[in-house]
Amino acid sequence: PLAVGIAAEWEAQPRKIVPYTMQLMKLATTAIDQVPTIAPTMKDSMLRYLETDGACIRSDEKDLAKKEAAHFDRLLKWLHRDLDLPLSTTDSL
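To keep things clear, this report deals only with the structure shown in the data block. (Residues numbered from 1 in each chain as written. Predicted model: local features only at pLDDT ≥ 70, side-chain atom pairs only at ≥ 80, totals over all residues. Heavy atoms only, no water.)

### Some points on the overall build of the protein chain
Then, in step 1: In terms of regular secondary structure, the protein chain is built from 4 helices and 0 strands.
Then, in step 2: Going residue by residue from the N terminus, the α and β elements of the protein chain occur as α-α-α-α.
Then, in step 3: In terms of C-alpha radius of gyration, the protein chain reaches 19 Å, well past the compact-globule figure of 12 Å for 93 residues.
Then, in step 4: Principal-axis analysis of the C-alpha atoms places the extent of the protein chain at approximately 60 × 30 × 25 Å.
Then, in step 5: A burial count over the protein chain gives 17% of its 93 residues as buried.
Then, in step 6: Put simply, the protein chain shows about 7800 Å² of open surface, and 60% of that area lies on carbon and sulfur atoms. (Helix = DSSP H or I, 4+ residues; strand = E, 2+ residues; numbered from the N terminus. Rg over C-alpha atoms; globule rule 2.2 N^0.38 Å. Buried < 20%, exposed > 50% of the residue type's maximum accessible area, 1.4 Å probe, protein only. Areas by Shrake-Rupley, 256 points an atom, 1.4 Å probe, with all protein chains shown as cover.)

In structure tokens, the structure reads:
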């Protein structure tokens, strides 16, 4: 899907390439070129906010909380088991 979007951006270019009109291309090249050099900083920054992710916040309405658990508990178990990231859930901000 990303490759298709990038291809579409290239196909839409006029005779002279206008780089600022290719946002997906910019995203892909930034990820390839810059992320490896700042990966530790990015990881630390993301981990600080991980517990505020929607997967960790449950509704105080019982039926909705059940649906959220059914949808997200598998992800939370995987994060704990495979990445050693134990996260808890809450029904309050």
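### Remarks on the pattern of salt bridges
Then, in step 1: Across all of its chains, the model carries 2 salt bridges by this definition.
Then, in step 2: Residues Arg-81 and Asp-82 are paired through a salt bridge, measuring 2.8 Å at the closest nitrogen-oxygen approach. (Salt bridge = Lys/Arg side-chain N within 4 Å of Asp/Glu carboxyl O.)

### Thoughts on helix α4 (residues 62-83)
Then, in step 1: In a regular helix each residue adds 1.5 Å, so 22 residues correspond to 32 Å; α4 covers 29 Å between its end C-alpha atoms and thus fits that length.
Then, in step 2: At Phe-72, α4 is deflected by roughly 45°, the largest bend along its length.
Then, in step 3: What α4 keeps buried is the set Ala-65, Glu-68, Ala-69, Leu-76 and Leu-79.
Then, in step 4: The positive-phi residue at the C-terminal boundary of α4 is Asp-84, with phi of around 55°. (Expected span 1.5 Å × (residues − 1). Bend = angle between axes of the 7 residues up to and from the residue.)

### A few points about the environment of Asp-60
Then, in step 1: Here Asp-60 lies in the loop between α3 (35-49) and α4.
Then, in step 2: What makes Asp-60 exposed here is its relative accessible area of 64%.
Then, in step 3: Spatially, the C-alpha atom of Asp-60 lies 12 Å from that of Thr-89, the residues being 29 residues apart in sequence.

### What about unusual backbone geometry?
Then, in step 1: Phi at Asp-84 is positive, roughly 55°, even though this residue is not glycine.
Then, in step 2: Inspection of the secondary structure assignment puts Asp-84 in the segment after α4.

### Brief notes about the side chain of Glu-9
Then, in step 1: Here Glu-9 is to be found in helix α1 (residues 2-11).
Then, in step 2: A polar side-chain atom of Glu-9 sits 2.9 Å from the main-chain amide nitrogen of Met-25.
Then, in step 3: Residue contacts for Glu-9: discarding those within four places in its chain leaves Thr-21, Met-22, Gln-23, Leu-24 and Met-25. (Polar contact = N/O pair within 3.5 Å; in protein donor to acceptor, adjacent residues only side chain to side chain. Contact = heavy atoms within 4.5 Å.)

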